[in-house]
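# Working through the structure, step by step
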Protein chains: 2
Amino acid sequence: MKSATIVGAGLVGSLWAVYLSKAGYKVTIVEMRDDLREADISAGKSINLALSVRGWKAFKTVGVDKEIESIAIPMPGRTMHDLEGNLTYQPYGQEGQAIYSVSRAGINCKMMDIAEEYGGATILYNRKCIGADLDNGIVYVENTKTGEKEEIKSDVVFAADGAFSAIRYKAMQKLDRFDYNQRYIEDGYREILLPANEDGSYKLEKNTLHIWPRGRFMLIALPNEDGSFTCTLFMPHENHEYAFDKINTKEEVEHFFKTIFPDFYDLMPNIGDVWEDHPLSSLAIIRCYPWTHGKFALMGDAAHATVPFYGQGMNAGFEDCTVMWELMQKHKEDWPAVFEAYQKERKPEGDAVQDLSLHNYFVMRDYVGDPEFLLQKKFERRIEQLYPDKYMPLYSQVSFSHIKYSEAHTSGMNQDKWVKSVMEQHDVESMMEDGSIDKLIHQIVQEKGAFGRS
Amino acid sequence: MKSATIVGAGLVGSLWAVYLSKAGYKVTIVEMRDDLREADISAGKSINLALSVRGWKAFKTVGVDKEIESIAIPMPGRTMHDLEGNLTYQPYGQEGQAIYSVSRAGINCKMMDIAEEYGGATILYNRKCIGADLDNGIVYVENTKTGEKEEIKSDVVFAADGAFSAIRYKAMQKLDRFDYNQRYIEDGYREILLPANEDGSYKLEKNTLHIWPRGRFMLIALPNEDGSFTCTLFMPHENHEYAFDKINTKEEVEHFFKTIFPDFYDLMPNIGDVWEDHPLSSLAIIRCYPWTHGKFALMGDAAHATVPFYGQGMNAGFEDCTVMWELMQKHKEDWPAVFEAYQKERKPEGDAVQDLSLHNYFVMRDYVGDPEFLLQKKFERRIEQLYPDKYMPLYSQVSFSHIKYSEAHTSGMNQDKWVKSVMEQHDVESMMEDGSIDKLIHQIVQEKGAFGRS
């Protein structure tokens, strides 16, 4: 029987196990930690993730999408909170389109269930990867409970072991001509759990992603199933007027929230007491190449870890599965050919999702608080409503389509310049109000046949 | 007694031991390899290095420059070999200025002698670094002969363990917010030893750096003390008309040299037989930050490994010693203050020497074969001769001055644009020939008071 090893029982590793089982592989997953499903979920990183159409596609391909739907909360738009607590709402896309809030732990547990049930995978816990023989398909592990060392050999190995991948660090980084780059951005983050009301109801509107955009930094909140919100403050570590190194005492925390996020403070006046519940964490972009060597391939964060601002890290990892699966069929499981095609095709997408993620931090922390930006989004939505086959806004290309990230990035930048130039020439605000905007849009199509600069 | 550990008995580590001893430190050097002085020098990398004024300054500060002079061969200019074997000569600077060819093994042995004799350092060989406790100044080593493990603890530790630094890899790379980037260029290199004539004389002019510039690739030759030359072919690994992956058989090697480097082939018709004597190697730029943590500091290649095209890698490493030494005095050996100032001051210089090195590959492999470029260099030399306090060509700033690399890079780019614009407006070639160029130079000074664009 064909055999495969997956390093890491995270989101991508667990999903990929289902695919491989479907193709007839006997799958072994080695996982450094204890079984997450038996651990106290509240410990560790509770960060929420936004699931969008690329992730759903990967689930549908192996028929596990219904399982995930039960734990996903749709967010069809974002709600901005200004300094006075006034709210502005912006839909992410057209009617019926949404991204979905899922808890990392929740979806991970579900994926592990699926890997075992649908995939027949064996998950070995407490196995720390201590090295690898890339050419011979061997993963060397140490049982962290017994100290015993084991060799796990298989036909093919997938390292889905996250941003700080042990396979990449211990075996690939030392390869001749292996390019590697880990770069921390100057901002960090701290999570805050906003609990449900006593009756279990939500303290903020449930079906939306909340943002408190403050220019150089921001607070966001995503809904959890139990009525709570996972909130995250993103801010520079230091060297700025508002920075983590300036907020240390209980009094400083309270003063900061009272003055900068007053409506949030009203919901959570005990913020000073819970500030230290979650650690201050850092954010990095990790790039490398090649992604494959011998019988090994990197997938997900191990290949292209990104900052979280586009909500695409998990989706890009799941898309790696979709693409690898298609290439397995195309090349009839000739793994050297599959791996070569996989890294050639996916490397530009990993780079693009990272570039898009960095760009979207500006959007979220700053632009969404700007009426001009919101007007532009409204105008773009209207163009798409009238000519859906000729125009798709950047956010929709990334979150609601399967267009390559790299193409979305290029066409999005191009569209942005074009839309801005149209808005300079026309009073789009009045035209949106009096309805004459449609005439302008039709006129542009008649004259140019397309939207954009090319 | 104050104690210091240096990881790596290479060029920078050995020199730095002399400095630390002078300041009263008991110095222990841990070295992974055997004593280089007792090994067969012809094995391993025989690559030559070009020593220039920054290196000499570091030697002079601790009075060891005379020791090095005895093994250094001056090269006051470069000699270009074209396809027909015609030679062109370009002086590097003014009368009396030169860079110096030294063999890596030769200078390293000498530096180790000096570290022991002048520095009273203890060198522990066959000690592989297996980890470090950065905050407590502990280096964990394993004796590769006995398997014994040791802890070496001291007041302060310097990792001068090269481009693939074990300290950086095993201890620093995993630090939160440690930026790290290893990037291979698409070219590799292979060395060729051109032996002396039977009577020990040189087969090429001794006191010059020979270059066979061929546009996308090049061959260079540096003189050794024994009458031989260390030659290096730099070329793309693959994906180009001329690339290492196209030269495999003896016939292909001979054909390549016969057609591309005919005068070299005439000197070495057995090239096909010795082609495999030295391995095909890769070239990388390695950047990281911070360079210090706790009681540890990275120096030399461990902090800023570069490609070899400006001949500044070793010199930049020696300059790290000069700067660290000055900061030790300034901050009275308050190491946290010294380390903070050291990395703030040197990081931009490490980046600049890398940028300059990448740029100089174009100069060496391509521009030096272009008469227009050589005319520009001649013109710049003349400006410097007339106004040495107002103009210094980029190459001279880098190789014959102590101007910061970062400043040299900026002013060099600026000067280059300015000189090119002057050459567009004037027939500098004729003016150099008939001597009227001096009038133009004086006129520019009178009108503008300076050379350059600012």
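So, how was this worked out
- Residues numbered from 1 in each chain as written.
- Chains lettered and ligands numbered in written order.
- Predicted model: local features only at pLDDT ≥ 70, side-chain atom pairs only at ≥ 80, totals over all residues.
- Heavy atoms only, no water.
- Helix = DSSP H or I, 4+ residues; strand = E, 2+ residues; numbered from the N terminus.
- Rg over C-alpha atoms; globule rule 2.2 N^0.38 Å.
- Contact = heavy atoms within 4.5 Å.
- Areas by Shrake-Rupley, 256 points an atom, 1.4 Å probe, with all protein chains shown as cover.
- Lys, Arg positive; Asp, Glu negative; His and termini not counted.
- Charge placed at Lys NZ, Arg CZ, Asp CG, Glu CD.
- Pairing = 2+ DSSP bridges.
- Axes fitted to C-alpha atoms, helices over the stretch in contact; angles between N-to-C directions.
- Least-squares fit on C-alpha atoms with pLDDT ≥ 70 in both.
- 1 Å grid on protein atoms, 1.4 Å probe; cavity = no way out; pocket = protein on both sides within 12 Å on 5 of 7 lines; lining within 4 Å.
- Points joined across faces, edges and corners; volume = space filled by probe spheres on them.
- Nonpolar A, V, L, I, M, F, W, Y, C, P; charged D, E, K, R; others polar.
- Buried area = accessible area lost by both parts, 1.4 Å probe.
- Salt bridge = Lys/Arg side-chain N within 4 Å of Asp/Glu carboxyl O.
- Polar contact = N/O pair within 3.5 Å; in protein donor to acceptor, adjacent residues only side chain to side chain.
- Buried < 20%, exposed > 50% of the residue type's maximum accessible area, 1.4 Å probe, protein only.
- Parallel < 35°, antiparallel > 145°, perpendicular 65-115°, else oblique.
- Left-handed = near helix turned anticlockwise from the far one by under 90°.

## Focus: the overall build of chain A
When you go through chain A residue by residue, the secondary structure sums to 16 helices and 19 strands. Taken over the C-alpha trace, chain A has a radius of gyration of 23 Å; the compact-globule value for 454 residues is 22 Å, and the two agree within 12%. The C-alpha extent of chain A, read off along each of the three principal axes, is 70 × 60 × 40 Å. Sequence-distant contacts in chain A: of pairs separated by 6 or more residues, those separated by 24 or more amount to 69%. For chain A, the exposed area adds up to about 19100 Å²; of that, 49% sits on carbon and sulfur atoms. For chain A, the centre of its 50 positive side-chain charges and the centre of its 69 negative side-chain charges are spaced 6 Å apart.

## A short note on the side chain of Glu31(B)
In this structure, Glu31(B) sits in the loop between strand E2 (26-30) and strand E3 (48-51). When near neighbours in sequence (up to four residues on either side) are disregarded, Glu31(B) contacts Gly8(B), Ala9(B), Gly10(B), Ile123(B), Leu124(B), Tyr125(B), Asn126(B) and Arg127(B).

## Brief notes about the sheet that holds strand E7 (residues 99-103) of chain A
Residues and elements named next belong to chain A. Pairing within the open sheet is antiparallel, and its three strands lie in the order E3-E7-E4. Of all the strands in the sheet, the pair left with one neighbour each is strand E3 (48-51) and strand E4 (73-75). Between one strand axis and the next, the sheet turns by 35 degrees as a mean value, whatever way the strands run. This element, helix H4 (residues 104-117), spans E3 and E7 of the sheet and lies at about 85 degrees to E7. Running over the sheet, helix H10 (residues 313-330) touches E3 and E7 and is turned about 55 degrees from E3.

## Comments concerning the relation of the copies chain B and chain A
Of the transformation superimposing chain B on chain A, the axial component is 0.0 Å and the angular component is 180 degrees, with the fit at an RMSD of 0.0 Å. In symmetry terms, the pair is related by a two-fold rotation axis. Every residue of chain B has its C-alpha some distance from the rotation axis, and the shortest such distance is that of Asn181(B), at 2.1 Å. Comparing interface residues between copies, 100% of those in chain B also sit at the interface in chain A, which points to an isologous, same-surface contact.

## With respect to empty space enclosed by the protein
Inspection of every chain in the model, using the stated rule, returns two cavities of 30 Å³ or more. Of the volumes computed, that of the largest cavity is approximately 40 Å³. Lining of the largest cavity is provided by Ala9(A), Glu31(A), Arg33(A), Asp34(A), Leu36(A), Asn108(A) and Met112(A). Its residues assigned to classes, the lining of the largest cavity comprises three nonpolar, one polar and three charged. The volume enclosed by the second largest cavity comes to roughly 40 Å³. The wall of the second largest cavity is formed by Ala9(B), Glu31(B), Arg33(B), Asp34(B), Leu36(B), Asn108(B) and Met112(B). Taken together, the residues of the lining of the second largest cavity break down into three nonpolar, one polar and three charged.

## A look at the interface of chain B and chain A
Across the contact, 18 residues belong to chain B and 18 residues belong to chain A. Taking both partners together, chain B and chain A bury about 1700 Å²; carbon and sulfur atoms supply 35% of that area. The three residues of chain B that bury the most area against chain A are Tyr169(B), Arg177(B) and Gln182(B), which together make up 38% of that side's buried surface. Put simply, Arg177(B) and Glu238(A) hold a salt bridge, and the shortest N to O gap is 2.9 Å. Across the chain B-chain A interface, the total number found is 14 residue pairs in polar contact (both at pLDDT 80 or more). Within the residue set of the side of chain B that touches chain A, elements represented by two or more residues are helix H5 (166-172) and strand E13 (179-194) of chain B. In terms of residue count, E13(B) provides more of the side of chain B that touches chain A than any other element does, seven residues in total. Along the lines of polarity and charge, the residues of the side of chain B that touches chain A split into five nonpolar, five polar and eight charged.

## Re the pattern of salt bridges
Residues and elements named next belong to chain A. Under the counting rule described, the total for this entry stands at 48 salt bridges over all chains. Across the pair Asp351 and Arg287 runs a salt bridge whose closest N-O atoms are separated by 3.2 Å. You can see Asp351 sitting in helix H11 (residues 335-365) and its partner Arg287 sitting in strand E17 (residues 281-289), a full 64 residues away along the chain. The class of Asp351 is partly exposed, set by a relative accessible area of 22%.

## Let's talk about the sheet that holds strand E10 (residues 138-143) of chain A
Residues and elements named next belong to chain A. Taken together, the three strands give an open sheet; going across it, the order is E9-E10-E11, and neighbouring strands pair in antiparallel fashion. In the strand order of this sheet, the two ends are held by strand E9 (127-133) and strand E11 (149-153), each with one partner. Shown here is a sheet whose adjacent strand axes are inclined to one another by a mean of 30 degrees, direction ignored.

## Here we look at the packing of helix H1 (residues 11-22) of chain A against H10(A)
Residue and element names in this part refer to chain A. Between H1 and H10, the shortest axis-to-axis distance is 9 Å and the interhelical angle comes to 20 degrees. Classified by the angle their axes make, H1 and H10 are roughly parallel. Between H1 and H10 lies a crossing whose hand is right-handed. Along its contact with H1, which presents Leu11, Val12, Leu15, Trp16, Tyr19, Leu20 and Lys22, the element H10 presents Met314, Gly317, Phe318, Cys321, Thr322, Met324, Trp325 and Met328. The class makeup of the residues in the contact of H1 with H10 is twelve nonpolar, two polar and one charged.

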